[in-house]
Amino acid sequence: MRSVAVIGRGAIGGVVIGALERGEVPGARLTAVVDLGDPLADALAVADLVVECAGQAALAEHGPNVIAAGRDLLVVSIGALTDDALHERLRRGPGRLFLTSGAVGGLDLLRAAAAMAPLDQVRIVTTKKPATLGVPDATGPVEVMRGPARQVAAAFPRSTNVAAAVALAVGSFDVVEAVVVADPAATLTSHVITASGPAGEYRFEIRNRPSAANPASSQVVPHAVLATLRDLAR
């Protein structure tokens, strides 16, 4: 039985906490929730697996302590891993680092293609409602930013974890070009991923419904977290 602590009780954490409380993750039980003002040390005393659902700043603050305490860490805010020093601290152990792909698929194929030979081109175009990207007055589609995934994920920490997931899958934050588009007509959050290399040519399009509680995230993200939790609990 895995003893689970959750960091954050927002749009993602709230769903994960509720599912654990209702016993919907066989082999896992909720033993602590870390929110504003709650000491992490108390959670580490009663949990062997910590789930981060609170954003990149929370991961940077708490993640190294979780790993150093020998606890497993499941990360949602993988955009924070653009910080190489933080990534290295989280990989150092003795705790183990796990990532959830969240709102995107196709990563296993990209990982395999990149392992065969370096990819020549990888691009992800993310389209969201303007208000979630800080341009609420946009009257039509606007390209908000274009650049290496490392820069874009750092500039939009609430909206570009998917770009970071793609970059980690292909093994480089700098080879992946990320484009962020604000579109007032967008009813779904769209991620279009294209890649090419010696292994072939690939195109994935993902269109997720935004979370009602946090439109910067997708409804499916907490359920992706729960799917990973079920795997870890087994």
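Just above, that's the structure.
Residues numbered from 1 in each chain as written. Predicted model: local features only at pLDDT ≥ 70, side-chain atom pairs only at ≥ 80, totals over all residues. Heavy atoms only, no water.

1. A word on the packing of helix H3 (residues 56-68) against helix H4 (residues 84-91)
- Orientation of H3 relative to H4, taken along the N-to-C sense of each, is 25°, at an axis distance of 8 Å. Classified by the angle their axes make, H3 and H4 are roughly parallel. For the pair H3 and H4, the crossing hand works out as left-handed. Across the interface between the two elements, Leu59, Ala60, Gly63, Pro64 and Ile67 of H3 pack against Leu86, Arg89 and Leu90 of H4.
- Residue classes in the contact of H3 with H4 are distributed as six nonpolar, one polar and one charged. (Axes fitted to C-alpha atoms, helices over the stretch in contact; angles between N-to-C directions. Helix = DSSP H or I, 4+ residues; strand = E, 2+ residues; numbered from the N terminus. Parallel < 35°, antiparallel > 145°, perpendicular 65-115°, else oblique. Left-handed = near helix turned anticlockwise from the far one by under 90°. Contact = heavy atoms within 4.5 Å. Nonpolar A, V, L, I, M, F, W, Y, C, P; charged D, E, K, R; others polar.)

2. Details of the sheet that holds strand E1 (residues 2-7)
- Taking strand neighbours across the sheet as the criterion, the five strands line up as E2-E1-E3-E4-E5 in an open arrangement whose pairing is parallel. With one partner strand each, in any of the chains shown, strand E2 (28-34) and strand E5 (97-99) form the two edges of the open sheet. Adjacent strand axes in the sheet meet at a mean angle of 25°, parallel and antiparallel pairs treated alike.
- For E1 and strand E3 (residues 49-52), the ladder comprises four bridges, and the chain directions are parallel. (Pairing = 2+ DSSP bridges.)

3. Quick word on the pairing of E1
- The buried fraction of E1 is high, at six of six residues.
- Across six bridges, the pairing between E1 and E2 is parallel. Looking at the pairing, Val6 lines up with Val33 of E2.
- Once you follow E1 into helix H1 (residues 11-21) and on to E2, the crossover reads as right-handed. (Buried < 20%, exposed > 50% of the residue type's maximum accessible area, 1.4 Å probe, protein only. Right-handed = clockwise from strand over helix to strand, strands pointing away.)

4. Things to note about the sheet that holds strand E6 (residues 121-128)
- Read from one edge of the open sheet, five strands run E7-E8-E6-E9-E10, paired in mixed fashion. Each edge of the sheet is formed by a strand with only one pairing partner; in this case those strands are strand E7 (142-148) and strand E10 (200-208). Taken pair by pair, the neighbouring strands of this sheet meet at an average axis angle of 10°, ignoring direction.
- Where strand E9 (residues 189-197) and E10 come together, nine bridges link them in antiparallel fashion. Within the sheet, the bridge partner assigned to Thr194 lies in E10 and is Arg203.
- Where helix H5 (residues 107-116) meets the sheet, its contacts fall on E9 and E10, and the angle it forms with E10 comes to roughly 155°.

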